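# Results of the structural survey
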Amino acid sequence: VKPAPRFIVADAVWVALVLATLASTRLVELPHASRWTVPLLMVLAALKVHGVVAHFMELNTAPRLWRLAFGAWIVVCTTLIAALHSTAASH
Amino acid sequence: LGSGPASGASAQTRAPAILTFIIADMLAFLVLFGLFMSSRTGQVALFDRSAAQLDASLGMLNTLILLTSGWQVVHAVHAARAGDAPGTRRRIGLALLVGACFAVTKLIEYHEKASHGINLLTNDFFMFYFVLTGMHFLHYLIGVVLLVFLWLKAGTEAVDGPLLGWIESGGLYWHMVDLLWIVLFPMLYLIGRA
C-alpha cells in the first residue's frame, strides 16, 4: 500500500471553487448591478463547472471527444442562460 | 477515469459508460434550463419577485456543501488508487457526512416554502423551482446510496482491485450532482436579484 498523496491539485481547485461561489453571491449584493452582472455570474459558473469537470472528474486527461462534449455543454449552458436573460431584459 | 494500475479492462469500459449516462443526463437538464429561461422571458417581474423569496444564503451553503463533499470524493479516489482502504473509507465517509448537510438544508428550505403556502402550483417560477430542485434532489439521493454502497464495499474488498472502477464511476456520478447545482444556484437564486 502506497500512501495516498496528502495534497493534490484538487485541493487548490476546491479553494478556488469556494472563493468563486462566495464571489457570485457577493456580486448580486452589490448596490449597483450592471448589465454585466448576469454574464459575469455565468462566466463564474462556467469556470466552476470547468474546474469540477477538469480536476474533480479528471476529464482534462480524457480522450478529446469527452473533453469536447463536456466543454460544449458548459459553453452552451452558460451562454444560453446569459443570452435568454439578456433577451428578457431588453424587452 | 479507470486509469488506476489495477482497475483493468472492466473499469476502462465502465468509465465511458458512466460518462455517456452523465452527459445524457446533463443534456436533459440543459433542456430544462432552457425552458426555465424561456418561460422567464415572458414574465420577468414575476420570476424576479419569486426568486427574491428564495434564501440565497441557503443556496450558497448548498453549493459549498456539494463542492466540499465532491472534493473528499476526489481524495477517496486517490486513496483507492494507492490501495489505502482505510483512507478511502474515511474520505467517502467524510463526503457522506458533509453531503448529508445538503439534504438537511434542502428540507429546511422546502419546509419554509410550504409553511408560507408556496408549492408547485403557486406560479411558473415555483413550478420550475420544485421540478428542477426535486429532480436534482433525486439524483443526489441516488448518489448518496452509491456512496454508502462504496463505503461498505471498501470495508470488505481491496480498493485497488475491481472495486476501483466502481469507486471512480461513483465519484464521477457524485461530481455530476455537484456541477448541476453549480448552474442551478445562479439560475434560480441569483440572476433574479441582479
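Residues numbered from 1 in each chain as written. Chains lettered and ligands numbered in written order. Predicted model: local features only at pLDDT ≥ 70, side-chain atom pairs only at ≥ 80, totals over all residues. Heavy atoms only, no water.

## Here we look at the confidence of the model for chain B
All names here are of chain B.
- Taken as a whole, chain B shows an average pLDDT of 93; of its residues, 92% reach a score of 70 or greater.
- Mean pLDDT values over the elements of chain B span from 86, in helix α1 (residues 8-41), up to 98, in helix α5 (residues 124-153).
- Note that residues 2-9 has pLDDT below 50 and, in this model, 16 contacts with residues that lie over four places away or in other chains. (pLDDT = per-residue confidence, 0-100. Helix = DSSP H or I, 4+ residues; strand = E, 2+ residues; numbered from the N terminus. Contact = heavy atoms within 4.5 Å.)

## Focus: the packing of helix α4 (residues 85-115) of chain B against α5(B)
All names here are of chain B.
- Two elements in contact, α4 and α5, have axes whose closest approach is 10 Å; the angle formed by their N-to-C orientations is 155°. Between α4 and α5, the angle is such that the two are roughly antiparallel. Crossing geometry of α4 relative to α5 is assigned as left-handed.
- Its residues assigned to classes, the contact of α4 with α5 comprises 18 nonpolar, five polar and four charged. (Axes fitted to C-alpha atoms, helices over the stretch in contact; angles between N-to-C directions. Parallel < 35°, antiparallel > 145°, perpendicular 65-115°, else oblique. Left-handed = near helix turned anticlockwise from the far one by under 90°. Nonpolar A, V, L, I, M, F, W, Y, C, P; charged D, E, K, R; others polar.)

## Looking at empty space enclosed by the protein
Residues and elements named next belong to chain B.
- A full pass over the atoms with the stated rule returns three cavities of 30 Å³ or more.
- A volume near 80 Å³ is recorded for the largest cavity.
- Of all the secondary-structure elements, those providing two or more residues to the lining of the largest cavity are α3 (56-81) and α6 (163-190).
- For the lining of the largest cavity, a count of residues per class yields six nonpolar, two polar and three charged. (1 Å grid on protein atoms, 1.4 Å probe; cavity = no way out; pocket = protein on both sides within 12 Å on 5 of 7 lines; lining within 4 Å. Points joined across faces, edges and corners; volume = space filled by probe spheres on them.)

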